[in-house]
Amino acid sequence: MKKQGILNSEIASILAQLGHTDTIVIADCGLPVPDGVKRIDLALTKGTPSFVETLQAILADMEVEHATLASEIKENNEHVLNKIEQHYQGGKDFVSHEDFKKLTKNAKVVIRTGETTPFANIILRSGVIF
């Protein structure tokens, strides 16, 4: 049994299999998951687990070289954007929410949280540890 890090076996497995430039998505409970993309559903109740606590856990276990967010988060969810910027200081870009949803089609997985605030979604691109 693992002593620390991601305890969810599906998430731990996905993270272990990521290669350079592979992407994963951490999503609120409303983001549509494209057909053919693996979904790991963590949502238990509204708000549980939160987007931010899920992001924190993933960032502690994953080497991230870049993040993509929907530009709409800037005006509609400043609180979550501030939390993202607290926990991730690497490179990031913003695209329209419609373009964000198109990019999720290339992800290895969409991790669905119980988050119910708008545009609380992020695409994380895997880096390398060397």
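Here's a quick rundown of the structure. For clarity, every value in this text was computed on a predicted model and none was experimentally measured.

Reading the values: the criteria
- Residues numbered from 1 in each chain as written.
- Predicted model: local features only at pLDDT ≥ 70, side-chain atom pairs only at ≥ 80, totals over all residues.
- Heavy atoms only, no water.
- 1 Å grid on protein atoms, 1.4 Å probe; cavity = no way out; pocket = protein on both sides within 12 Å on 5 of 7 lines; lining within 4 Å.
- Points joined across faces, edges and corners; volume = space filled by probe spheres on them.
- Helix = DSSP H or I, 4+ residues; strand = E, 2+ residues; numbered from the N terminus.
- Nonpolar A, V, L, I, M, F, W, Y, C, P; charged D, E, K, R; others polar.
- Patch = residues over 30% accessible without salt bridge, like charges linked within 9 Å, V, L, I, M, F, W, Y side chains within 5 Å.
- Areas by Shrake-Rupley, 256 points an atom, 1.4 Å probe, with all protein chains shown as cover.
- Salt bridge = Lys/Arg side-chain N within 4 Å of Asp/Glu carboxyl O.
- Buried < 20%, exposed > 50% of the residue type's maximum accessible area, 1.4 Å probe, protein only.
- Core = buried A, V, L, I, M, F, W, Y, C linked by side-chain atoms within 4.5 Å.
- Contact = heavy atoms within 4.5 Å.
- Arc of directions from axis to C-beta.
- Polar contact = N/O pair within 3.5 Å; in protein donor to acceptor, adjacent residues only side chain to side chain.

### So, the layout of surface pockets
Put simply, the largest pocket is a space of about 170 Å³. Lining the largest pocket are Ala12, Leu15, Ala16, Leu18, Asp61, Met62, Glu63, Ser126, Gly127, Val128 and Ile129. If one sorts the elements of the lining of the largest pocket by residue count, helix H1 (residues 9-17) sits on top with three residues. Split into classes, the residues belonging to the lining of the largest pocket amount to seven nonpolar, two polar and two charged.

### Section: a nonpolar patch on the surface
Taken together, the side chains of Val128, Ile129 and Phe130 make up a nonpolar region of the molecular surface, amounting to roughly 410 Å² of accessible area. For Val128, the location among the structural elements is in the segment after strand S6 (122-126). Residue class for Val128 comes out partly exposed when judged on its relative accessible area of 33%.

### Notes on the nonpolar core
Formed by 27 residues in total, the largest nonpolar core has its most connected members in Ile24, Phe51, Ile58, Ile122 and Leu124. Where this core is concerned, the elements lending two or more residues are H1, strand S1 (23-27), helix H2 (51-61), strand S3 (64-70), helix H4 (78-87), strand S5 (109-112) and S6. Looking at this core, the element that brings in the most residues is H2, giving five residues. The residues contacting Ile58, other than those within four sequence positions of it, are Ile6, Ile11, Leu15, Ile24, Ile26, Ile111 and Leu124. Counting residues in each nonpolar core, the second largest holds 11 residues, with Val25, Leu31, Val37 and Val110 among its members.

### Here we look at H1
Within H1 the residues assigned to the buried category are Ile11, Ile14 and Leu15. Angularly, the buried residues of H1 cover 95° about the axis, an arc narrow enough to put them on a single face. In H1, the exposed residues that point more than 90 degrees away from the buried face are Ser9, Ala16 and Gln17. As for H1, its buried residues are in contact with S1, strand S2 (38-41), H2 and S5. Put simply, Asn8 is the residue that caps the front of H1, since its side-chain oxygen is 3.0 Å from the backbone nitrogen of Glu10.

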